[in-house]
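Structure assessment
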Amino acid sequence: MNETIVSVRGVSKAFGAVRALQDVSLTVQQGMVTAIVGDNGSGKSTTFKAILGLIRPDGGRIELLGKKTTTDIAPEVKQKLGVVFADSGFSMYLTTTGVANILENTYQNFDRAEFLEQCSRFHLPEDKKIKDFSTGMKAKLKVLVALSHKAELLILDEPTVGLDVVARDEVLTMLREYMEKNENSAILISSHISSDLENLCDDLYMIHNGKIILHEDTDVLLADYAVLKVSEDAYGKIERQYILKTKNEPYGYSCLTNQKQFYLENYPNIAVENGRIDDLIVMMED
């Protein structure tokens, strides 16, 4: 059985009158890529910051790499983490060589030659300052830094946000290759781009208004979930035991189910559309 890398149990956090997290629980297992999805302000970044000890929860328990998380993570745990946040990074006046110098003095397992080779592979010049990088180049650098010291856990908050298709694909390639080479590591990632998650993640948590409202294996989601498109008349006649959410539509109703095969076999005349993460978000958050 895979080791638990992250354990979050019943975590809550309020900022004044705003309840940012409400009884949040999740687990990240060794060798797996776990996603958190939700709209802006849903609690994704707050969850990540709580896990990393950047904010202190009001209640609950967090364990990170076998250690209870506080606002002061042990140095030996920090050595095993690779982190990407949208608002974090190095001085804009550094070059990739300058970044390598900092990493060499920070992480025991930093591989300078591999890092610079990867920078070259993904078109990050050694002699150009970060301030002159494109958005995609800056994003790729952040991810390569997180990967540079054989971290046991990567925590990636929207690593592909704002990137074009080519840059996004390159970032996802980095992550897939990393997991192939480091089978005992794990990734916890958030993203607004559902196609990234469908092709990368093993399981998925959905958070809405600070609450986890769904946890599912990605394979199960793509295989068993569907959206039914039915008229009012048809809605009155179908079995509703397996319908998770219903939304009013001009033609009648759209219905989210996790039993696609049941409706395909028993109601051949209704429209059954394969479930995608986007559908899930729209239906569950409605």
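Data block above holds the structure.
Cut-off values and rules
Residues numbered from 1 in each chain as written. Predicted model: local features only at pLDDT ≥ 70, side-chain atom pairs only at ≥ 80, totals over all residues. Heavy atoms only, no water. Axes fitted to C-alpha atoms, helices over the stretch in contact; angles between N-to-C directions. Helix = DSSP H or I, 4+ residues; strand = E, 2+ residues; numbered from the N terminus. Parallel < 35°, antiparallel > 145°, perpendicular 65-115°, else oblique. Contact = heavy atoms within 4.5 Å. Phe/Tyr/Trp six-rings, centres within 6.5 Å; stacked < 30°, edge-to-face > 60°. Lys NZ or Arg CZ within 6 Å of the ring centre and 35° of its normal. Left-handed = near helix turned anticlockwise from the far one by under 90°. Core = buried A, V, L, I, M, F, W, Y, C linked by side-chain atoms within 4.5 Å. Buried < 20%, exposed > 50% of the residue type's maximum accessible area, 1.4 Å probe, protein only. Pairing = 2+ DSSP bridges.

Observations concerning the packing of helix α5 (residues 135–147) against helix α6 (residues 165–181)
Between α5 and α6, the least distance of the axes is 9 Å, while the angle of their chain directions is 10°. Relative to α6, the element α5 is oriented roughly parallel. Two secondary-structure elements touch here, α5 through Gly 136, Lys 140, Val 143, Leu 144 and Leu 147 and α6 through Ala 167, Glu 170, Val 171, Met 174, Leu 175 and Tyr 178.

Looking at the packing of aromatic side chains
Scanning the model with the defined rule gives six aromatic pairs in all. Above the face of the Tyr 235 ring, Arg 240 is positioned so that its terminal group lies 4.7 Å from the ring centre.

Focus: the packing of helix α4 (residues 112–121) against α5
Packing of α4 against α5 leaves a shortest axis separation of 10 Å and a crossing angle of 155°. One way to sum up the angle between α4 and α5 is to call them roughly antiparallel. Considering the relative orientation of α4 and α5, their crossing is right-handed. Of the residues in α5, those touching α4 at Phe 115, Gln 118 and Cys 119 are Leu 141, Leu 144 and Val 145.

A few points about the nonpolar core
In terms of nonpolar packing, the biggest core is built from 51 residues, with Phe 115, Leu 141, Leu 154, Leu 175, Ile 187, Ile 189 and Leu 280 touching the most fellow members. Top contributing element to this core by residue count: α5, with eight residues. Contacts of Leu 154, omitting those with residues within four sequence positions, involve Gly 82, Ala 146, Leu 147, Leu 175, Tyr 178, Ala 186, Ile 187 and Leu 188.

Examining the sheet that holds strand β1 (residues 4–15)
Here we have four strands laid out as an open sheet, ordered β2-β1-β4-β5, and antiparallel in their pairing. The open sheet terminates on both sides in strands that have one partner only, identified here as β2 (18–29) and β5 (67–68). Sheet strands in contact with helix α1 (residues 44–51) are β1, β2 and β4 (59–64), and its direction is about 65° off that of β2.

Quick look at the sheet that holds strand β12 (residues 243–249)
The strand order β12-β13-β11-β14 describes an open sheet built from four strands, whose pairing is antiparallel. Strands at the two margins of the open sheet, each flanked by one partner only, are β12 and β14 (271–274). Adjacent strand axes in the sheet meet at a mean angle of 25° when their direction is disregarded.

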